[in-house]
Amino acid sequence: MKHLLLLLVLLCSTGFLKAQVELTYCEDIDQGFVDADIIYTPYVQFDATMMAPFSGNSIKQVLIGMKSSATNVTIYIKNAPRDANPLYRQTVAEGLVEGWNVITLDTPFEIPEGKNIAIGCRFRSAEKEAFGYSNEKNSLADQILINQSSQWTTCGGSLCIKALIEGENMPQHQLAIGSLPNQRAVPDADSISFTTTMRNMGVQEVENYSLLWHVDGGETQSITFGHSIPVNGRDTFELSIPAIYDFGTHTLSVSISTVNGMPDEYAGDNTTTCTFTVPDERFARRVICEEYSGFW
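So, how was this worked out
Residues numbered from 1 in each chain as written. Predicted model: local features only at pLDDT ≥ 70, side-chain atom pairs only at ≥ 80, totals over all residues. Heavy atoms only, no water. Helix = DSSP H or I, 4+ residues; strand = E, 2+ residues; numbered from the N terminus. Buried < 20%, exposed > 50% of the residue type's maximum accessible area, 1.4 Å probe, protein only. Contact = heavy atoms within 4.5 Å. Areas by Shrake-Rupley, 256 points an atom, 1.4 Å probe, with all protein chains shown as cover. Pairing = 2+ DSSP bridges. Polar contact = N/O pair within 3.5 Å; in protein donor to acceptor, adjacent residues only side chain to side chain. Axes fitted to C-alpha atoms, helices over the stretch in contact; angles between N-to-C directions. Core = buried A, V, L, I, M, F, W, Y, C linked by side-chain atoms within 4.5 Å. pLDDT = per-residue confidence, 0-100. Salt bridge = Lys/Arg side-chain N within 4 Å of Asp/Glu carboxyl O.

1. Comments concerning the overall build of the protein chain
Line of reasoning, step 1. In terms of helices and strands, the protein chain carries two helices and 22 strands.
Line of reasoning, step 2. Expressed as a percentage of its 296 residues, the buried residues of the protein chain come to 43%.
Line of reasoning, step 3. Contacts in the protein chain between residues at least 24 apart in sequence constitute 77% of all its contacts with a sequence separation of at least 6.
Line of reasoning, step 4. Accessible surface, the protein chain: about 15900 Å² in total, of which carbon and sulfur atoms supply 49%.

2. A look at the side chain of Ser134
Line of reasoning, step 1. Turning to its location among the elements, Ser134 is positioned in strand S9 (residues 131–134).
Line of reasoning, step 2. Among the residues examined, Ser134 registers a relative accessible area of 0% and is labelled buried.

3. Looking at the pairing of strand S13 (residues 161–166)
Both faces of the sheet carry side chains from a regular strand, because those side chains alternate between them.
Line of reasoning, step 1. Judged by how many residues are buried, S13 sits mostly within the fold: six of six residues are covered.
Line of reasoning, step 2. Covered by surrounding structure in S13 are Ile161, Ala163 and Ile165 together with Lys162, Leu164 and Glu166, the residues of both alternating faces.
Line of reasoning, step 3. Across six bridges, strand S4 (residues 58–66) lies against S13 in antiparallel orientation. Bridging from a neighbouring strand, Gln61 pairs with Leu164 of S13.

4. Focus: the environment of Asn260
Line of reasoning, step 1. By the secondary structure assignment, Asn260 is in the loop between strand S20 (248–259) and strand S21 (262–263).
Line of reasoning, step 2. Judged by its relative accessible area of 22%, Asn260 is partly exposed.
Line of reasoning, step 3. Linking Asn260 and Gly226, residues 34 residues apart in sequence, is a C-alpha distance of 9.2 Å.
Line of reasoning, step 4. Those residues in contact with Asn260 that lie beyond four places of it in its chain are His173, Glu205, Val206, Glu207 and Asn208.
Line of reasoning, step 5. A polar atom in the side chain of Asn260 sits 3.1 Å from the backbone oxygen of Glu205.

5. Notes on the environment of Val92
Line of reasoning, step 1. Here Val92 lies in strand S6 (residues 88–92).
Line of reasoning, step 2. A residue is classified by how much of its surface remains accessible, and Val92, at 5% relative accessible area, is buried.
Line of reasoning, step 3. Spatially, the C-alpha atom of Val92 lies 9.7 Å from that of Thr104, the residues being twelve residues apart in sequence.
Line of reasoning, step 4. With residues up to four places along the chain from it excluded, the contact list for Val92 reads Val73, Ile75 and Ile103.

6. With respect to the sheet that holds strand S8 (residues 117–124)
Line of reasoning, step 1. In spatial order, the strands read S6-S5-S8-S3-S10-S11; together these six strands make up an open sheet with antiparallel pairing. Either end of the sheet is taken by a strand with one partner, and the two such strands are S6 and strand S11 (151–153). Pairs of neighbouring strands in the sheet enclose a mean axial angle of 20°, with direction left out of account.
Line of reasoning, step 2. Inspection of the sheet shows strand S5 (residues 71–78) paired to S6 by five bridges, in the antiparallel sense. What sits directly across from Thr74, in S6, is Thr91.

7. What about the sheet that holds strand S19 (residues 234–242)?
Line of reasoning, step 1. Pairing in this open sheet of three strands is antiparallel, and the strands run S14-S16-S19 from one edge to the other. Two strands in the sheet have a free side with no partner beyond their single neighbour: strand S14 (175–177) and S19. Sheet twist, expressed as the average angle between the axes of neighbouring strands with direction ignored, equals 30°.

8. A few points about the nonpolar core
Line of reasoning, step 1. Counting residues in each nonpolar core, the largest one holds 44 residues, and the members touching the most others are Phe33, Ile59, Ile64, Ile119 and Phe131.
Line of reasoning, step 2. Filtering out sequence-adjacent residues up to four positions away, Ile59 remains in contact with Leu105, Pro108, Phe109, Ile111, Ile117, Ile119, Ala163, Leu164 and Ile165.
Line of reasoning, step 3. Residues Leu180, Ala185, Ile256 and Val278 belong to the second largest nonpolar core, which totals 24 residues.

9. A look at unusual backbone geometry
Line of reasoning, step 1. In this structure, Ser150 takes a positive phi of about 55° despite not being glycine.
Line of reasoning, step 2. As for its placement among the helices and strands, Ser150 is situated in the loop between strand S10 (143–146) and S11.
Line of reasoning, step 3. Its identity as a non-glycine residue notwithstanding, Asp216 has a phi of 55°, on the positive side.
Line of reasoning, step 4. By the secondary structure assignment, Asp216 is in the loop between strand S17 (209–215) and strand S18 (221–225).

10. Description of the confidence of the model for the protein chain
Line of reasoning, step 1. Across the protein chain, the average pLDDT comes to 89, with 88% of residues at 70 or higher.
Line of reasoning, step 2. Per-element confidence in the protein chain is highest for S6, whose mean pLDDT is 98, and lowest for helix H1 (residues 2–18), whose mean pLDDT is 37.

11. Some details on the pattern of salt bridges
Line of reasoning, step 1. Taken as a whole, this structure holds six salt bridges when the rule is applied.
Line of reasoning, step 2. Note that Arg199 is salt-bridged to Glu22, the shortest N-O span being 3.6 Å. Of this pair, Arg199 sits in strand S16 (residues 191–200) while Glu22 sits in strand S1 (residues 21–23), and the two are 177 residues apart along the sequence. Judged on exposure class, the residue Arg199 and its partner Glu22 are both buried.
Line of reasoning, step 3. Arg234 serves as the salt-bridge partner of Glu136, at 3.4 Å between the closest nitrogen and oxygen.

This is the structure:
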């Protein structure tokens, strides 16, 4: 009986850990911002598209990344940073310390359907550059209120605020594809390569995923990557396509087809597009010269 109870506890613990999905724009605490002894409220905003797979589940913890300690701390959840009235508010009596701080919400915040969610943290620090941010620039993760002057500013990166989501209806097989950079084909190359990231937004580890791609709405091609991605993890993949297209600019569309052999559960973050240019090499080294025109 004792062994059975232990097994049940382990299974419950494992399920609990797998049921958490982390929403953030910040991976590492690279730098810090703010002046000393001034009250700030930095916000990150997760748009409705990002929140859609998690509606009906709850934000149960908020993580704040600091370069040094802070006091007078309050957590806010709103639909948008500039909303006057928060949807949720909680004082953090113990303040914040250097590193990642885990704040468990007194009341889990249930995620509504079709709404943006903004999470902010009001604080004061005796040190300069106290609040952490990463060098990964994203405007949705860079909205800072200077409370004493009611002005808004930015830090130039992504603020270190994370939301941990749990619930009974979490997505199982759910990937979000990153943006593809526009490219210029290399002359005489056999292929054109595109690189971007894939993020695991479900509660199951990814063992493989398949993509569909086409150029200018043409024939759809499929490719499968046998890459392992842990829960909340990222993967970088490279897609190479044949450089057989006519001179000019073309549009490449890439979308997620399956995750672990199952259909991806949310289509809103499955597709990305970019353009690539195939240059006409006939004019690459030809120059027109005009001579003595000034004497005519």
